[in-house]
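Tertiary structure, described
Here are the chains, one letter per residue:
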Amino acid sequence: MANVKFENITKTYNKATKVLANINLEIKEHEFAVIVGPSGCGKTTLLRMLAGLEEITSGRILIDGEVINHFPPSKREIAMVFQDYALYPHMSVAENMSFALHLRKFKASEIEKRVKEAAKILQISPYLGRMPRELSGGQRQRVAIGRAIVRKPKVFLFDEPLSNLDAKLREEMRVEIAKLHQKLNSTIIYVTHDQVEAMTLASKIIILNKGVVQQVGTPLEVYGKPGNKFVAAFIGSPTMNFIRGQIHAEKGNFYFRNDAINIKVPSFLLGGSDFSDREVFIGIRPQDISLEGKGECYSEGMETILEVCELLGHRENLYLKLGKTNILACVDAFFGKSPGSRVVIKFNYKNMHIFDAETELRINP
């Protein structure tokens, strides 16, 4: 398996449209790195440049310390799994999986061995004689993955491989891909716009927006300490609440205030720095809003108006109005109040985030 480095990678079209700007990343051997971001952020372009399917405007890509910028795709020892499966419709499953090996003049015995091994790992051995049209979406995706496995590449690339599957199949295939990584102990770079896939699969998450790396870290790091407001909004479901206001200092204490809120801000959230009269956003996840929280870990109670209540089985989503601000809170099911009711909420200080309103960078340590 391989170590992959992107050094100062830039991609522009027509000398004007910048898709990627100064990308510097390292994916270490055996890591499962997930590149995540909204549509159009440049994540697939970055993957295609690594695969040799897109030209690099400037910068270098290295695999195990060797610059591969000018290597043709066939010489990069990389296998890519595409979003649309890209199976040959006139070939059987076994023929699809073995096609690249035939082109490279492998012996028939070695080809058969590799195909059978991959089919066993992916549990598609009974389907080796079938044609792609006779398979379900999930089975076709397994065949596409099997075609990559038989090549025994240094790096596996996945370009949104689950986006064409229904919700249940996506969940099942996520588990299978995680198991596959454990079995092969391989280096995997996986692109998706689905932050649930990113959080559940990755050992390292790379968050892109508008061609710029926003944050790199483990799933827990980017969830627990998002580096800026974009990352905080993108990672986590349901999305984080953001409330704009100012930090004020009074008699040695700090308070967050806007048209409807006046709550004390514990000093540990400010890292001991003086942010008095600074315009900020506080960020609070829906599950960190409590109706019954007690003690120093929770803010003072704030009265809101319940606008909509969604029952989701084990929990309810409460859409609340706090002054001019819309708030989403997640609470236990069977909340028992109807729209129009007054609801008192409290924020969990331990999981509160503070972002500068101008730069949108994280303030609290």
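The sections below set out a description of the structure shown in this document. Residue positions are given per chain, counted from 1 along the sequence in the order it is written. Per-residue local features of the predicted model are confined to residues with pLDDT of at least 70, and side-chain atom pairs are confined, for both listing and counting, to 80 or more; whole-chain, interface and lining totals are unaffected and use all residues. Side-chain metrics rest on all non-hydrogen atoms present in the structure, leaving aside hydrogens and water.

The next thing to look at is the overall build of the chain. Helical segments are the DSSP runs of H or I of at least four residues, strand segments are the runs of E of at least two, and each set is numbered from the N terminus. Each helix and strand in the chain was counted, giving eight helices and 20 strands. Over its C-alpha atoms, taken along the principal directions, the chain stretches across nearly 80 × 45 × 35 Å. Buried, partly exposed and exposed residues are distinguished by accessible area as a fraction of the type maximum, computed with a 1.4 Å probe on protein chains only: under 20%, between the cut-offs, and over 50%, respectively. The buried share among the 365 residues of the chain stands at 49%. A separation threshold of at least 6 residues defines the contact pool for the chain, and within that pool the share at least 24 residues apart is 66%. All accessible-area figures derive from a Shrake-Rupley calculation using a 1.4 Å probe, and residue coverage is judged against the displayed protein chains alone. When the accessible area of the chain is evaluated, it comes to approximately 17,800 Å², of which 49% is carbon and sulfur surface. Within this scheme the basic residues Lys and Arg register as positive and the acidic residues Asp and Glu register as negative, but His and the chain ends are omitted. Where a charge lies is defined by one atom per residue type, namely NZ (Lys), CZ (Arg), CG (Asp) and CD (Glu). Averaged over its 49 positive side-chain charges, the chain has a centre that lies 5 Å from the centre of its 41 negative ones. Contacts: residue pairs with any heavy atoms within 4.5 Å of one another.

Here, a salt bridge means any side-chain nitrogen of Lys or Arg that lies within 4 Å of a carboxyl oxygen of Asp or Glu. By the definition in use, this model includes 14 salt bridges. Among the ionic pairs, R257 bridges to E250, the shortest N-O distance being 2.7 Å. Judged by its relative accessible area of 24%, R257 falls in the partly exposed class. Relative accessible area serves as the criterion here: at 36%, E250 is assigned to the partly exposed category. Connected through shared salt-bridge partners, K11, R48 and E54 make up one network.

What follows is about the packing of aromatic side chains. Any two rings among Phe, Tyr and Trp, with Trp reduced to its six-membered ring, count as a pair given centres within 6.5 Å; such a pair is stacked if its planes are under 30 degrees apart, edge-to-face if over 60, and tilted if neither. Under the criterion given, the structure shown has five aromatic pairs. Centroid distance F230 to F234: 5.6 Å. Interplanar angle 20°. Geometry classified as stacked. Residue F230 and its partner F234 are located together in helix 8 (residues 229–234), separated by four residues, close to a single helical turn. You'll find F230 and F234 in the same group, each marked buried. Of the aromatic side chains, those joined through ring pairs into one cluster are F32, F158 and Y190. Two limits define a charge over a ring: the Lys NZ or Arg CZ must be within 6 Å of the ring centre, and within 35 degrees of the ring normal. Over the ring of F281 we find K229; its NZ or CZ atom is 4.6 Å from the centre of that ring. The aromatic ring of Y223 is capped on one face by R285, whose charged end is 4.0 Å from the ring centroid.

For two strands to pair, DSSP has to find at least two bridges joining them. Reading across from one edge, 13-12-11-14-20 is the order of the five strands in this open sheet, with antiparallel pairing throughout. In the strand order of this sheet, the two ends are held by strand 13 (262–265) and strand 20 (353–356), each with one partner. Each strand axis lies, on average, 40° off the axis of its neighbour in the sheet, ignoring direction. The pairing of strand 14 (residues 278–284) with strand 20 spans four bridges and is classified as antiparallel. What sits directly across from F281, in strand 20, is F355. Lines fitted to C-alpha atoms define the axes, with helix axes restricted to the stretch in contact, and inter-axis angles between N-to-C directions lie between 0 and 180 degrees.

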